[in-house]
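Secondary and tertiary structure notes
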Amino acid sequence: YGVSFSNVTLYVPEASVEAYASANFWKSFRVIYADQTTLATLDDTEYGLLQTLYTALDGDNWTRKWTFGATKDETLLPYGVRLHNGHVVQLLLSGNNLSGTLPVELMQFPQLWLIDLSNNQLSGKVDDVFNSMPVNTALTSLNLNDNQLTGNIGAMRQDVGDGWVDKLPNLSTLKIARNKIRDVQP
């Protein structure tokens with residue numbers, strides 16, 4: 001076929017990961033992840049971060065709500081959350097009626113490499129998030145299109161006196177169109 005899947009991530013049932021990884025066609029995918037059904041393996045700090053995000057972004061009014069059990073072991077994997085090795089690696093919440101100020105906790109997941117919060121009603125200054133976050137080397141794709149965000153997107157790169165620090169040094173895809181951002185300094 002001549003098609004390369006080396007840049008594609010494949011999610012399969014947890015019990016089938018090894019079978020897919022060893023099958024001729026499927027092993028050509030970049031990464032094969034187990035599609036987990038609960039948060040049992042999730043890092044405790046990240047479990048708290050998910051709860052914080054849900055509250056901060058008015059989760060009770062989301063189109064696809066999250067339901068937290070008494071413990072993380074009793075909590076089903078929330079809509080739009082992908083896990084790998086006990087960590088959140090993707091948040092895919094496009095068009096889910098999220099509202100509120102973009103929380104800094106969003107950037108505190110240590111292995112989160114893809115965020116899609118497009119087509120929601122998020123507000124606030126993006127530079128508030130970037131100014132208060134540590135350097136995040138995991139994030140490679142950030143989609144915030146079609147929200148109500150303001151501020152300075154240039155705050156992803158900050159002057160620290162003796163040089164510049166990139167807050168998201170491995171970011172390769174940034175989508176932030178159709179917001180109210182007018183400042184891109186530097």
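The structure under discussion appears in the preceding block.
Residues numbered from 1 in each chain as written. Predicted model: local features only at pLDDT ≥ 70, side-chain atom pairs only at ≥ 80, totals over all residues. Heavy atoms only, no water.

**Digging into helix α2 (residues 44–56)**
Under the convention used in this document: The secondary structure listing takes helices from DSSP runs of H or I that are at least 4 residues long and strands from runs of E that are at least 2 residues long, numbered from the N terminus. The span you would expect from a helix comes to 1.5 Å times its residue count less one. In what follows, a contact means two residues having at least one pair of non-hydrogen atoms within 4.5 Å.
Look at α2: 18 Å from first C-alpha to last across 13 residues, which is about the 18 Å you get at 1.5 Å a residue. Tucked inside the fold, the buried residues of α2 contact β3 (81–84) and β4 (87–92). Positive phi appears at D58, one or two residues downstream of α2, with a value of about 55 degrees.

**Some thoughts on the sheet that holds β3**
We count it as follows: Strand pairing follows a simple DSSP-based rule, namely that at least 2 bridges must link the two strands. Angles run from 0 to 180 degrees between N-to-C directions of axes, and those axes are lines fitted to C-alpha atoms, restricted for helices to the stretch in contact.
Pairing in this open sheet of five strands is mixed, and the strands run β3-β4-β6-β8-β11 from one edge to the other. Every interior strand has two partners, whereas the edge strands, β3 and β11 (173–175), have only one. Strand after strand, the sheet turns through a mean of 15 degrees between neighbouring axes, direction not considered. Looking at chain direction, β4 and strand β6 (residues 114–116) are connected through three bridges and run parallel. Among the inter-strand pairings, L91 is bridged to a residue of β6, identified as I115. On the sheet, α2 packs against β3 and β4 and is oriented at approximately 25 degrees with respect to β4.

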